[in-house]
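Topology and contacts: notes
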Amino acid sequence: MQETVNLYRAYAFLQHPILETHDGNKLVAETLDLFSMSISAKVGLRRELAGEAPRCVVDPRLIKLALFNLFANALRGDPQD
């Protein structure tokens, strides 16, 4: 949970993105690991990553925050259902 808090705290103090080259699969996997710690053990997650994802130039904090929010929204489902 502390890592989740740190992720949001880092965003709050972010003034400018710090772009770095990263492996996209690794960013997704790290974020999914973090996300899995924040949800019920009753929720099953399946991880399927690309065989070879291209390296990307991103701010890893912003990407992880966006992915974390995407995962959380996916669990909530479509509110119109």
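A brief look at the structure comes next.

Notes on helix H3 (residues 60-76)
Three- or four-residue spacings in an α-helix give side chains the same orientation, since the helix completes a turn every 3.6 residues. For H3, with 17 residues, the first-to-last C-alpha span of 24 Å sits near the 24 Å given by 1.5 Å per residue. Taken as a whole, H3 has its buried residues at Pro60, Leu65, Leu67, Phe68, Phe71 and Ala72. The arc that holds every buried residue of H3, seen down its axis, measures 165 degrees, which confines them to one face. Structural note: H3 exposes Leu70, Ala74 and Arg76 on the side pointing more than 90 degrees away from its buried face. Positive backbone phi, at 75 degrees, marks Gly77, one or two positions downstream of H3.

Observations concerning the pattern of salt bridges
Under the defined criterion, the tally for this structure stands at five salt bridges. Its salt-bridge partner being Arg46, residue Glu48 comes within 2.9 Å of it at the nearest N-O pair. Arg46 matches Glu48 in its accessibility class, with the two residues each being exposed. A salt bridge links Asp59 to Arg61, with the shortest nitrogen-to-oxygen separation between them at 2.9 Å. The class of Asp59 is buried, set by a relative accessible area of 3%.

Some remarks on the packing of aromatic side chains
Geometry of an aromatic ring pair is reported as the spacing of the ring centres plus the angle between the planes. Here the structure, examined in full by the defined rule, presents two aromatic pairs. For the ring pair Phe35 and Phe68, a centre distance of 5.2 Å and an interplane angle of 80 degrees mean the geometry is edge-to-face. On the criterion of sequence distance, the pair formed by Phe35 in helix H2 (residues 24-36) and Phe68 in helix H3 is long-range, its members being 33 residues apart. A single burial state applies to Phe35 and to Phe68, both of which are buried. Here the aromatic rings of Phe35 and Phe71 are separated by 5.6 Å at their centres, their planes lie at 55 degrees, and the arrangement is tilted. Here Phe35 is found in helix H2, whereas its partner Phe71 is found in helix H3, with 36 residues between them in sequence. Both residues of the pair, Phe35 and Phe71, count as buried. One aromatic cluster is present, built from ring pairs that chain together Phe35, Phe68 and Phe71.

A word on the nonpolar core
Counting eight residues, the largest nonpolar core consists of Leu32, Leu34, Phe35, Ile39, Leu67, Phe68, Phe71 and Ala72. Ranked by residues supplied to this core, first place goes to H3 with four residues.

Calculation rules
Residues numbered from 1 in each chain as written. Predicted model: local features only at pLDDT ≥ 70, side-chain atom pairs only at ≥ 80, totals over all residues. Heavy atoms only, no water. Helix = DSSP H or I, 4+ residues; strand = E, 2+ residues; numbered from the N terminus. Expected span 1.5 Å × (residues − 1). Buried < 20%, exposed > 50% of the residue type's maximum accessible area, 1.4 Å probe, protein only. Arc of directions from axis to C-beta. Salt bridge = Lys/Arg side-chain N within 4 Å of Asp/Glu carboxyl O. Phe/Tyr/Trp six-rings, centres within 6.5 Å; stacked < 30°, edge-to-face > 60°. Core = buried A, V, L, I, M, F, W, Y, C linked by side-chain atoms within 4.5 Å.

Any functional reading would require information that these geometric values do not contain.
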